Number of protein chains: 4
Amino acid sequence: MAREKDENKRIAVLQSSKLLFSSKGFMNTSIADIVRETGMSVGTIYTYFKSKDEIVRAIVEEGWSSLYSRIEAAMAGAQSVQDKLKLLIGGFFPELLQDLPLIHILLSEAIDYTRLEEKVERITDLVFTLLKSDRAGAEGWPGVSRQMLRTGLIVIFLGVLNAVKIARRSSLGIRSEDILGFVEFMARGSLGVQL
Amino acid sequence: MAREKDENKRIAVLQSSKLLFSSKGFMNTSIADIVRETGMSVGTIYTYFKSKDEIVRAIVEEGWSSLYSRIEAAMAGAQSVQDKLKLLIGGFFPELLQDLPLIHILLSEAIDYTRLEEKVERITDLVFTLLKSDRAGAEGWPGVSRQMLRTGLIVIFLGVLNAVKIARRSSLGIRSEDILGFVEFMARGSLGVQL
Amino acid sequence: MAREKDENKRIAVLQSSKLLFSSKGFMNTSIADIVRETGMSVGTIYTYFKSKDEIVRAIVEEGWSSLYSRIEAAMAGAQSVQDKLKLLIGGFFPELLQDLPLIHILLSEAIDYTRLEEKVERITDLVFTLLKSDRAGAEGWPGVSRQMLRTGLIVIFLGVLNAVKIARRSSLGIRSEDILGFVEFMARGSLGVQL
Amino acid sequence: MAREKDENKRIAVLQSSKLLFSSKGFMNTSIADIVRETGMSVGTIYTYFKSKDEIVRAIVEEGWSSLYSRIEAAMAGAQSVQDKLKLLIGGFFPELLQDLPLIHILLSEAIDYTRLEEKVERITDLVFTLLKSDRAGAEGWPGVSRQMLRTGLIVIFLGVLNAVKIARRSSLGIRSEDILGFVEFMARGSLGVQL
DNA sequence: AATGAATGAGTCTTCATTCAT
DNA sequence: TATGAATGAAGACTCATTCAT
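The next point concerns the interface of chain B and chain A. The figure often quoted for interface size is the accessible area lost as the parts come together. Contacts between chain B and chain A engage 50 residues on the former and 52 residues on the latter. With both sides pooled, the region where chain B packs onto chain A buries about 4300 Å², and carbon together with sulfur makes up 68% of that total. At the junction of chain B with chain A, the criterion picks out zero salt bridges. At the surface where chain B touches chain A, the tally comes to three residue pairs in polar contact (both at pLDDT 80 or more). Where the side of chain B that touches chain A is concerned, the elements lending two or more residues are α7 (111-114), α8 (116-134), α9 (146-167) and α10 (176-191) of chain B. Each residue belonging to the side of chain B that touches chain A can be placed in one class, and the counts come to 26 nonpolar, 14 polar and ten charged.

Next up, the structure:
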């Protein structure tokens, strides 16, 4: 009856659903599955969420913004652009990569409720801005237009997510360290950014 | 004799389904949709395909292998490793990127019938092998293990596909040229490969 | 709390289905028929039964065991073997013969869900045992092996069921009294058992 | 094109269908099954039979009447009523029991096309008539009305068929010899007929 | 607020039959 | 006559959502 109790239920639904959606897929997860997993009744689930769609949306939106606001807070304390970039690569990314279920859902077919584009734009914009100010006043990178760089960041970001997603299925061992290592290698070699 | 099985019909089913699957998703496309789109009867669809799954599988497998065998043929005629790499980046990739519906399906939740991992492994293996022989006898790339390189190629490949997939939805203009341009920029800057 | 699962509905489904199955046959009865007959919705039927098979199984199993346990209870109170036999012939049989729909289903093609063999074996075993103890220590019946007697009981039992089943269709009037009368006549004449 | 060739095809369809119907049941056998089994085309099957129903009907009708006319011919040559009865029990019955597939179909759910009642009536009438003339002018059997006797014969006949049908499924060994042996035992003991 | 039975549109698939070749 | 592709009604079952209790 108290608000706290309610909030706990909401979170429980979110957690169970997240796991289910990420492992079986959104469409292959039924409300009945969530009921089974949470131990709640159908009705209860519908008092916390208007629909199944609503649940994915909440998982993604809340998962993402929690991650995002944490990194923003951390970056606010950073002095140099370099430090900020380091925080991103060393903080945000690894944390995101940790959250496999979120990644799965983000890339899933339920993309309509997921608005991946928005997230991609926001995060790559951030990196883009940082990179630009790192080279403020300077020449940028020869042969690379702004648009191309921006696009490149999107490629890398999505590539990382997708590689992590696929890692489990692939027989070739894809490891997070290698993924991040490669990103750093690229950043250094191509953009001259030391992370 | 009776009417012969009509290859054109098979292809029509494949084409309609491809468009439907790629725009609405595999699970959100019903056989009824395909019936409507092709103008055929349910029964006819089932004389050409054993099941709905079978249809995606055919779309992906045939789409991919046609692409792949074309590039193999082209590469067979190439002399140097450099040329082969160029063919890949300048031939296979752009062609693949053209086939948006295929990319959508490849990355979709119907991944079980799609075996994306296999395709990723095969194509990145190819690139990996080429890169290695480009540096045959030499030192490779300092600070980059083989595994990391391999993983990196996967990241790039998947990133490219996903960026293309998202392009339509994103308001920021993602263009194929930029994507490829960036890949080349990376290849040059980080791997020292001129494409 | 929500509405409770309503035993009456379960029974209503069972009753309607029993009639439908027995008159049109199991395979020729569709869930839609049951829906029409019960006035319930498809979904409701499926909240009470997992599948169509489940429905026949329940009809047969519950119908049979109710019959069987009633006769067992009655026979428990009987003193002599003679009395027990009389109860069987005069109690169980007539009651079973009353339940035409059950007989129809029991003999129907849905035999896989029906396990008629089991029922036949059980009931004929019972009779067999009674007959044996009726003649305990004595010579049995000359020229009739145990196996033959057992088989004979099966023949009679199945014959009775089938005759009842066919009665409705046959223009020659087959009446239950005659069927039972004949069985008694046989029992007396061939086995020397007075019923 | 010659008539002979056609008749062979007709028979082939009948034979294959008989086996299929008897083992899988009428409803569970598809025209496609028959096509597979006969090696003919759907169209061809439909030039010999107007419908699936038609096929069962032909199987039953032709199977039965061939059996029946053979026994009639044999009985025509018999002198005494006794001999005729012996021919029935020793000739017709065993032959019928041999034809398991026919029995299965006769008792199957496709009973609508099968007209089992007719066959039952005809054969039991025959036996009834013979029994009557065996006792012509005499007292018949005390305590057994004509109707009851007639009904009894039906019971026995159907019981025999059904027992044979069930034999395969039952774990208790039901053997044809025992079935026939029991019938003779009954005939002797209850009706005083020596077979 | 919590419950879970009720609902019925929608899913994929099968199959007897027809008919163009 | 033979063939088998074409047809589409019908089948069993699922599941997000509602609503009586």
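From this point on, the discussion continues.
Our next topic: helix α10 (residues 176-191) of chain C. Residue and element names in this part refer to chain C. Under the 1.5 Å per step criterion, the end-to-end length of α10 is 21 Å for 16 residues, consistent within 8% with the ideal 22 Å. For α10, the set of buried residues is D178, I179, L180, G181, F182, V183, F185, M186, A187, S190 and L191. Directly after α10, the chain includes G192, whose backbone phi takes a positive value near 70°.

This next bit is on the packing of α10(C) against helix α9 (residues 146-167) of chain D. Each packed pair of helices is defined by two parameters, the angle between the axes and the distance between the axes. For the pair α10(C) and α9(D), interaxial distance at closest approach is 8 Å and the crossing angle is 80°. One element, α10(C), and the other, α9(D), form an angle in the roughly perpendicular class. Residues D178(C), I179(C), G181(C), F182(C) and M186(C) of α10(C) pack against Q147(D), M148(D), L149(D), T151(D), G152(D), V155(D) and I156(D) of α9(D). The residue makeup of the contact of α10(C) with α9(D), split by class, is seven nonpolar, four polar and one charged.

All names here are of chain A. You can read the domains of chain A as domain 1 (1-49) and domain 2 (63-191). A separation of 30 Å is found between the C-alpha centroids of domain 1 and domain 2. Across the contact, five residues belong to domain 1 and seven residues belong to domain 2. Between domain 1 and domain 2, a total of about 550 Å² is buried, with carbon and sulfur atoms accounting for 77% of that surface.

Moving on, we come to the packing of aromatic side chains. Applying the stated criterion across every chain, the model contains 30 aromatic pairs over all chains. On the numbers, 6.3 Å between centres and 50° between planes, the contact of F92(A) with F93(A) is tilted. Exposure remark for F92(A): the relative accessible area of 1% places this residue in the buried category. Ring-pair connections join several aromatic residues into one group, and the members of that group are W64(A), Y68(A), F92(A), F93(A) and F157(A). If you follow R122(C) out to its NZ or CZ, it ends over the ring of Y68(C), 3.9 Å from the centre. Looking at K52(D), its charged tip hangs above the ring of F26(D), at a distance of 4.5 Å from the centre.

What follows is about helix α9 (residues 146-167) of chain C. Relative to the 32 Å expected for 22 residues at 1.5 Å per residue, α9(C) spans 31 Å between its end C-alpha atoms, a close match to the ideal helical length. For α9(C), the tally of buried residues reaches 20 of 22 residues, placing the bulk of the element in the interior.

Right, let's get into the relation of the copies chain C and chain D. Once chain C is rotated about the relating axis by 178° and shifted along it by 0.0 Å, it coincides with chain D to within an RMSD of 0.4 Å. The transformation just described matches what one would write down for a two-fold rotation axis. Considering only C-alpha atoms, the part of chain C nearest the rotation axis is G159(C), at 1.7 Å. Of the residues that chain C buries at the interface, 100% are likewise interface residues in chain D, meaning the two copies contact each other through the same surface.

In this structure, the largest pocket encloses a volume near 360 Å³. In this structure, the largest pocket is lined by 21 residues; those nearest its centre are E109(C), I111(C), S23(D), K24(D) and R169(D). Taken together, the elements giving at least two residues each to the lining of the largest pocket come down to α7 (111-114) of chain C together with α1 (3-24) and α6 (100-106) of chain D. Broken down by element, the residue count for the lining of the largest pocket peaks at four residues, all from α1(D). The class makeup of the residues in the lining of the largest pocket is eight nonpolar, seven polar and six charged. Shared between two domains, the lining of the largest pocket takes at least three residues from each, and those domains are domain 1 (1-49) and domain 2 (62-191) of chain D. Considered as a void within the structure, the second largest pocket measures approximately 290 Å³ in volume.

With an RMSD of 0.4 Å, chain B superimposes on chain A once it is rotated by 178° and translated 0.1 Å along the axis. Interface residue correspondence from chain B to chain A reaches 100%, placing this contact among same-surface, isologous pairings.

Rules and cut-offs
Residues numbered from 1 in each chain as written. Chains lettered and ligands numbered in written order. Predicted model: local features only at pLDDT ≥ 70, side-chain atom pairs only at ≥ 80, totals over all residues. Heavy atoms only, no water. Contact = heavy atoms within 4.5 Å. Buried area = accessible area lost by both parts, 1.4 Å probe. Salt bridge = Lys/Arg side-chain N within 4 Å of Asp/Glu carboxyl O. Polar contact = N/O pair within 3.5 Å; in protein donor to acceptor, adjacent residues only side chain to side chain. Helix = DSSP H or I, 4+ residues; strand = E, 2+ residues; numbered from the N terminus. Nonpolar A, V, L, I, M, F, W, Y, C, P; charged D, E, K, R; others polar. Expected span 1.5 Å × (residues − 1). Buried < 20%, exposed > 50% of the residue type's maximum accessible area, 1.4 Å probe, protein only. Axes fitted to C-alpha atoms, helices over the stretch in contact; angles between N-to-C directions. Parallel < 35°, antiparallel > 145°, perpendicular 65-115°, else oblique. Domains from an automatic or database assignment. Phe/Tyr/Trp six-rings, centres within 6.5 Å; stacked < 30°, edge-to-face > 60°. Lys NZ or Arg CZ within 6 Å of the ring centre and 35° of its normal. Least-squares fit on C-alpha atoms with pLDDT ≥ 70 in both. 1 Å grid on protein atoms, 1.4 Å probe; cavity = no way out; pocket = protein on both sides within 12 Å on 5 of 7 lines; lining within 4 Å. Points joined across faces, edges and corners; volume = space filled by probe spheres on them.

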